[in-house]
Amino acid sequence: MGLYADRAGLIDSENAFKMGPYIRSLEAQGRDIVKCNIGEPDFPVPAFIKEEVKRQIDLDNTHYCDPQGIPSLRAAIARQLAETRGIRAEAERVVVFPGGKPPIGLCQQTYCGPGDEVVYPSPGFPIYESFIPYVGATPVPLHLKEENAFSLSGAELAPVLSEKTKLIFLNFPSNPTGGVASPEQLQEIARVIRARCRAEVRIFSDEIYEHILFDGHAHHSIASCPGMERNTIIVSGASKSFAWTGGRIGWALFPTREEAEVFKNLNINYFSCTAAYNQEGVRLGLESPEGPAEIKKMVDAFRMRRDLVVDGLNAIPGIRCLKPKATFYVFPNVEGVCRNLGIFDAFAALPAEIRDRTSPSTLLQMFLLFVHGVATLDRKSFGRIGAEPYHFLRLSIATGTEELRKGLARIAEAAGDREGFRRFIEKGEHLF
Ligand code: PLP
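The rules behind the values
- Residues numbered from 1 in each chain as written.
- Predicted model: local features only at pLDDT ≥ 70, side-chain atom pairs only at ≥ 80, totals over all residues.
- Heavy atoms only, no water.
- Near = heavy atom within 4 Å.
- Polar contact = N/O pair within 3.5 Å; in protein donor to acceptor, adjacent residues only side chain to side chain.
- Areas by Shrake-Rupley, 256 points an atom, 1.4 Å probe, with all protein chains shown as cover.
- Nonpolar A, V, L, I, M, F, W, Y, C, P; charged D, E, K, R; others polar.
- Axes fitted to C-alpha atoms, helices over the stretch in contact; angles between N-to-C directions.
- Helix = DSSP H or I, 4+ residues; strand = E, 2+ residues; numbered from the N terminus.
- Left-handed = near helix turned anticlockwise from the far one by under 90°.
- Contact = heavy atoms within 4.5 Å.
- Pairing = 2+ DSSP bridges.
- Buried < 20%, exposed > 50% of the residue type's maximum accessible area, 1.4 Å probe, protein only.

1. Some thoughts on the site of the ligand
Stage number 1. By nearness alone, 13 residues border the ligand, and Gly100, Asp206, Tyr209, Ser239 and Lys240 come closest of all.
Stage number 2. Here an oxygen atom of the ligand sits 2.7 Å away from a polar atom, N or O, in the main chain of glycine 100.
Stage number 3. Between an oxygen atom of the ligand and a side-chain N or O atom of arginine 248, the distance comes to 2.8 Å.
Stage number 4. Alone, the ligand offers 400 Å² of accessible surface; in the complex the protein occludes 94% of this.
Stage number 5. Split by residue class, the shell around the ligand holds four nonpolar, five polar and four charged.

Laid out in structure tokens, this is it:
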């Protein structure tokens, strides 16, 4: 009998968290690293929210609370969802979690088992794929195409859906591509789901970037399509909208009260509850007119940086970068750089056991970090299955403008540094 249960080896991870120790070790050696790897806004939590949290702590609101989420926050969430999505939403169907991430795995545990298929976008948030083998279900990646601006049509979705489909992850606005969905597109997706899936299929609509939109784009949810409320779990949270990743407040609106009860019980089993003082802070964030004003300041800064970075990347030979409509990520195609630097040849010449653990964009990611001092994330950080033909990096623009300019200059230098890449491969360190 080994130490671990078989399932312990089946869960994958989020690479973004693995970069931190590399960066810290390089910084400890005196290296300056431009951090374009981070998936969190570089803004402080809005002052009015911080004040409320401090006030709540002073009121000793520091004990166990309702495991489903405090009623005042659930009511505020239900109101916001009803107003912005044009749907019915009651506080009884809302469950608060420690972040937007926990419902991803908890939904898979609750709805899926062996024989069930889970459909998810690739590239997409890595935790969708990570959990699927852990719960014994079958992963069905839906590869989003650069030539379609990483968007998703009903026609693309149709062939991967069947009676076996139990859970479908949608993520608009999307990490890592910054894509958004139009109402027409969502209607088409909804039609295909209704035609091909069982009545009880669940759509996990991850809407955590709902407020980070550029160029007049509006947020639309599949739950707003006629009939889709019955199948959709809307998930969002405070991590991105209020730059509060450390507050660990996320939420989901479930199609039925009965399902909300199941997730409340999972909360009891796993977490008991999430900090009531932070929940009060989020409640005020949703209710106060200061909330949208603070979000707008952040989004304006992201838009300016997006333009700077997209233009800067497109000026580098071998890089092609679409302009994201939302989020604080850009997702350039780096196939040309991989070719120019000899990465494909170097990859092909690696011993099989190293090749299995890396990819051309991983080699570029590591070369950029360890030789040129820029932290990015490779393509397979956003879904591994079937990712081999695709060569992209994700850069977060949630860092200061000067840092971004410095990062662009370093990437431009790296893109022409064939000799440096040859030495990096020869050294044979940090290849995955
Ligand atoms: N969903 C998506 C698409 C994300 O990008 C993230 C964070 O990066 C999350 C969920 C998780 O957010 P949280 O920090 O609230 O758990």
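The structure having been displayed, the exposition proceeds.
2. A short note on the packing of helix α4 (residues 102-111) against helix α9 (residues 257-270)
Stage number 1. At a minimum axis separation of 11 Å, α4 and α9 run at an interaxial angle of 115°. The two elements α4 and α9 meet at a crossing, and its hand is right-handed. Residue-level inspection shows Leu106, Cys107, Gln109, Thr110 and Tyr111 of α4 in contact with α9, the latter providing Glu259, Val262, Phe263, Leu266 and Tyr270.

3. Focus on the sheet that holds strand β5 (residues 165-170)
Stage number 1. If you trace the seven strands from one edge of the open sheet to the other, you get β2-β8-β7-β6-β5-β3-β4, paired in mixed fashion. What marks the edges here is a single partner per strand, and that holds for β2 (94-97) and β4 (138-143). The average undirected angle you get between the axes of adjacent strands in this sheet is 20°.
Stage number 2. Where strand β3 (residues 117-122) meets β4, six bridges bridge the pair, whose relative direction is parallel. Each residue of the ladder has a partner; that of proline 121, found in β4, is leucine 142.
Stage number 3. Here helix α3 (residues 71-85) sits on the sheet in contact with β2, β7 (232-237) and β8 (250-253), set at roughly 115° to β2.

4. A word on the environment of isoleucine 385
Stage number 1. Summarising the element assignment, isoleucine 385 is placed in the loop between β11 (377-378) and β12 (393-396).
Stage number 2. Here the alpha-carbon distance between isoleucine 385 and valine 140, two residues 245 residues apart in the chain, equals 8.7 Å.
Stage number 3. Setting aside anything within four residues of it in sequence, one finds isoleucine 385 in contact with Tyr120, Glu129, Pro139, Pro141 and His143.

5. A word on unusual backbone geometry
Stage number 1. Along the chain, serine 122 connects to proline 123 via a cis peptide bond; the corresponding omega equals 5°.
Stage number 2. Along the chain, proline 123 turns up in the loop between β3 and α5 (126-131).
Stage number 3. Note the cis peptide between phenylalanine 172 and proline 173, where omega equals -10°.
Stage number 4. As for its position among the elements, proline 173 is in the loop between β5 and α7 (183-196).
Stage number 5. With phi around 65°, serine 272 is a residue other than glycine that occupies positive phi space.
Stage number 6. Turning to its location among the elements, serine 272 is positioned in the loop between α9 and α10 (276-287).
Stage number 7. Take serine 272: its relative accessible area is 31%, and that puts it in the partly exposed class.
Stage number 8. One non-glycine residue, threonine 327, lies in positive phi territory at about 65°.
Stage number 9. Within the fold, threonine 327 resides in the loop between α11 (290-314) and β9 (329-330).

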